[in-house]
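Each chain, letter by letter, is given below.
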Amino acid sequence: MREIFAFGAGQVELTEDGTVAAVQHPTRKHSMLLSDGPVHDPARYWGKGFVISSSGSHRFDAPDFTRWRQTGIDLLYRLGDLELRVGRRFGEHWTETYEVRNIAGDPVELGSLGISTPYRDLYSSSRESLNEAVHAHIWTGGADSWVWAQPMDGSGPGLGLQLTEGELWAYSVESRDADTGSNIRGHLYLHPTDHARAPHAMGGQPQIVLQPAESHRWTWQLAWHDTLEAFHSTRTPLIDATTLAAEVGETITIQLADRADGPATITSDTPGTQYVEATDGASASRINVLFHEPLRTIVERRVRFVLDHQRPVELSTSRRFSFVPYDNETGLRILSGGWRDWSDARERIGTALLLQATRDRGWGDRDELDEALAGYQQFVTEYLVSEDGTVADDSLHEGRVRLYNFPWFARFFLNQGDPTTAIRIIDRYYELGGTHFLAFDLGPLLRELAKVAPRMRDHLANHAQAFLDHGDDLPPHEVNYEQSMVAPLLELLIAAYQEAPDSLDPNELSRRLPWLTAFAADQPDVRLRHIPIRHWDGYWFGLLRLWGDVYPHYWSILSAAVYLTWPRDLVTQVEADQLDKAGRAILQANLVNFHQDGSATCAFVYPSAVNNRPAHLPDPLANDQDWALVYALRLGQGSLA
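Read on for a plain summary of the structure. Just so we're clear, the structure is a prediction, and the values are computed from it rather than from any experiment. (Residues numbered from 1 in each chain as written. Predicted model: local features only at pLDDT ≥ 70, side-chain atom pairs only at ≥ 80, totals over all residues. Heavy atoms only, no water.)

## Considerations on the packing of helix 3 (residues 295–309) against helix 4 (residues 349–360)
Close contact between helix 3 and helix 4 brings their axes to 10 Å; oriented N to C, the two are set at 130 degrees. Here helix 3 is positioned oblique relative to helix 4, judged by the angle of their axes. For the pair helix 3 and helix 4, the sense of crossing is left-handed. In contact with Val299, Arg302, Val303, Val306 and Leu307 of helix 3, helix 4 contributes Thr351, Leu354, Leu355 and Thr358. (Axes fitted to C-alpha atoms, helices over the stretch in contact; angles between N-to-C directions. Helix = DSSP H or I, 4+ residues; strand = E, 2+ residues; numbered from the N terminus. Parallel < 35°, antiparallel > 145°, perpendicular 65-115°, else oblique. Left-handed = near helix turned anticlockwise from the far one by under 90°. Contact = heavy atoms within 4.5 Å.)

## Some words on the sheet that holds strand 2 (residues 10–14)
Strand order in this open sheet of three strands is 1-2-3, and the pairing throughout is antiparallel. Unpaired on one side and paired on the other, strand 1 (3–7) and strand 3 (20–24) mark the two borders of the sheet. When strand polarity is set aside, the average angle formed by the axes of neighbouring strands in this sheet is 20 degrees. In this sheet, strand 3 lies alongside strand 2 in antiparallel orientation, the contact comprising four bridges. When the bridges of strand 3 are listed, Glu13 appears paired with Ala22. (Pairing = 2+ DSSP bridges.)

## Structural notes on unusual backbone geometry
A cis geometry characterises the amide bond from Gly156 onward to Pro157, with omega recorded as 0 degrees. Position of Pro157 among the secondary structure elements: in the loop between strand 12 (146–151) and strand 13 (158–165). Put simply, Tyr551 and Pro552 share a cis peptide bond, and its omega is -15 degrees. Relative to the helices and strands, Pro552 is located in the loop between helix 13 (537–540) and helix 14 (557–565). If you check the backbone angles, Arg346 has positive phi at about 50 degrees while not being a glycine. By the secondary structure assignment, Arg346 is in the loop between strand 24 (326–327) and helix 4. Under the relative-accessibility criterion, Arg346 is labelled buried at 5%. (Buried < 20%, exposed > 50% of the residue type's maximum accessible area, 1.4 Å probe, protein only.)

## Looking at the sheet that holds strand 22 (residues 272–279)
Spatially, the three strands line up as an open sheet ordered 19-23-22, and their pairing is mixed. Each edge of the open sheet carries a strand with a single partner, namely strand 19 (245–247) and strand 22. For this sheet, the mean angle separating the axes of adjacent strands, direction not counted, is 30 degrees. In the sheet, strand 22 pairs with strand 23 (residues 284–292) via eight bridges, with the strands oriented antiparallel. Counterpart to Ala278 in the pairing with strand 23 is Ser285.

## Re the packing of aromatic side chains
Tallying each qualifying case throughout the model produces 43 aromatic pairs. With centroids separated by 6.4 Å and ring planes inclined at 0 degrees, the aromatic side chains of Phe5 and Trp68 adopt a geometry described as stacked. Taken together, the residues Phe5 in strand 1 and Trp68 in strand 6 (residues 65–69) connect sequence positions 63 residues apart. Looking at Phe5, the relative accessible area reads 9%, which means it is buried. Relative accessible area serves as the criterion here: at 34%, Trp68 is assigned to the partly exposed category. Between Trp555 and Trp627, the ring centres sit 5.0 Å apart and the planes meet at 40 degrees, which makes this aromatic pair tilted. On the criterion of sequence distance, the pair formed by Trp555 in the loop between helix 13 and helix 14 and Trp627 in helix 16 (residues 626–636) is long-range, its members being 72 residues apart. (Phe/Tyr/Trp six-rings, centres within 6.5 Å; stacked < 30°, edge-to-face > 60°.)

## Quick notes on helix 16
Given 3.6 residues per turn, any residue in an α-helix points the same way as the ones three and four places further on. With ten of eleven residues buried, helix 16 is to be regarded as a mostly interior element. By the burial criterion, the buried members of helix 16 are Asp626, Trp627, Ala628, Leu629, Val630, Tyr631, Ala632, Leu633, Leu635 and Gly636. Tucked into the core, helix 16 has its buried residues touching helix 3, helix 4, helix 6 (405–415), helix 14 and helix 15 (573–589).

## Thoughts on the pairing of strand 5 (residues 56–60)
Bridging between strand 4 (residues 49–53) and strand 5 involves five bridges; their strand directions are antiparallel. Paired with Ser53 across the bridge in strand 5 is Gly56. From the end of strand 4 to the start of strand 5, which pair antiparallel, there are two residues.

## A word on the side chain of Ser599
If you trace the backbone, Ser599 turns up in the loop between helix 15 and strand 25 (604–605). A relative accessible area of 5% means that Ser599 is categorised as buried. Among the polar contacts made by the side chain of Ser599, one reaches the side chain of Asp597 at a distance of 2.6 Å. Apart from residues lying up to four places away in sequence, Ser599 is in contact with Arg302, Phe305, Asn328, Asn593 and Phe594. (Polar contact = N/O pair within 3.5 Å; in protein donor to acceptor, adjacent residues only side chain to side chain.)

## A word on the pairing of strand 12
Most of strand 12 is tucked away, with six of its six residues classed as buried. Residues Trp146, Trp148 and Gln150 line one face of strand 12 and the alternating positions Val147, Ala149 and Pro151 line the opposite face, and both faces are buried. In this structure, strand 11 (residues 134–139) lies alongside strand 12, joined through six bridges in antiparallel fashion. Across the sheet, the residue bridging to Trp139 is Trp146, located in strand 12. Counting the residues that bridge the hairpin from strand 11 to strand 12 gives six residues, and of these Gly142 lies at a positive phi of roughly 90 degrees. The sheet contact formed by strand 12 and strand 13 spans four bridges and is antiparallel. Residue Val147 lies in a different strand from strand 13, and its bridge partner there is Leu161. In textbook terms, the turn of a hairpin is the stretch between consecutive antiparallel strands, and for strand 12 and strand 13 this stretch comprises six residues, one of which, Gly154, has a positive phi near 85 degrees.

Next up, the structure:
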């Protein structure tokens, strides 16, 4: 038997043991939480979880005591030397209080305490995602912690969770693995601390020690809000900042709730991220900002590094001019073998495009760059691009074709002054079914190639119309639905609109823009603010093979490309300024993955832990991240200031 409680305009469904099975608003057909099925079961219902302590580790499921009330329920769990009391109350708001108490005679250290919050953050198909799923935007920054569950189509209302008592300092992910695959984000757990597994995570995890009879308590409150801005209007954070990134030596303005004489400023002469904290005496919060070197410095150091370390010079053929992944821990280049995402082709062409952009801007050593690019062009011609324009997936396996690769290699040949080969590659892309595929950079590339071959305009118009005809039912790509489908879709439609404004209903663009903006929120961490959720590349591209949120992921720059090129006649000036701000924030945030010696990481796995393994760390592999610099140069015009 299940109990239904009114919650604002919606309702919450509780199980017999008092945990939350579903949360629904009348405007949405489905619960904001995962439903029972292959990836979700009662053991992970909302409010269940685990504790790791100095006196033992426990998961809690069935309560030892329940008391039903007219407005909710009280629960008691006995966890060895600890008792956990949970109170749930419903009405206009949904309020939960958690209190863990030491019932032993000796002190107990809480190493981790995680509460399951299984938001329906999954991709069944594009239509189901847009109509039935949510993006869970999480901020665990102490007393200012919050979660915004945004319907994936960008509409309202969303479900906002804000902390009203205590502090949250981490979130972790479980059940993301090879069996569930890349079409679900996993089960998300919120933590007052995750010190036992990742003491370093998110600026540092507190050590919570309970003396005999002492308790630790926190409360959060949930409510429906039409927009993220409306949700934020109910909060007064201890600390925040309008801008989270700046060049070294510049200043970042910090807003402090208890500062009567105006905002504070911080600066740094040392590149890197840094946490800034504030306290009201009873609790604390923190934000994370970035000071980075000038873009030219970052680019030239990165180019120097890849020329010295990321070409397989030990080979005897032109494959020695390719670019391959590099293990920063061992100093070894990676052999691709059968793992496609470590091959000598695919996204690795981003490094070659970075060399071209550096050369074309007059940076670096022109002769050395020309020589490296000539060698790379020889490699591509001999191993990857056939006479009919087909692009191979790598130099080792014949017959593998991946449509994503085609525009990238066409762009390379165009930049090398060979539009004929670029056009042949694009024609072949469409012969292979590209009209129903969302490759990256295709719209802008087609407009450039149309100056040489007018039929490229036909490709652009037909491609755009095909995806207008698809409506909400986008064809699945490497996953069923994701940001790097929506951003290329909008990039394609923007190009078609710019090329022939009268041929495309601008409302078709405008109604799809919220699909993209919904992937991100505005958490006060440079790794998160405006950065779209990307939850699977730590496994595919890195060495650690961690499934879990990657922030920032370099393909987040696809969103920046849309925001910074969005037709200004379709938005107000305020909206245009917001898009510009978000786009530049994305470009700057991605600079965090490049180090002072020119090395880089392909993935920063953000959660404190993934499947009980410590995370919140950079993967040691340098792989595909150079795309972030390519787009920073293309969109930032050499400077992101």
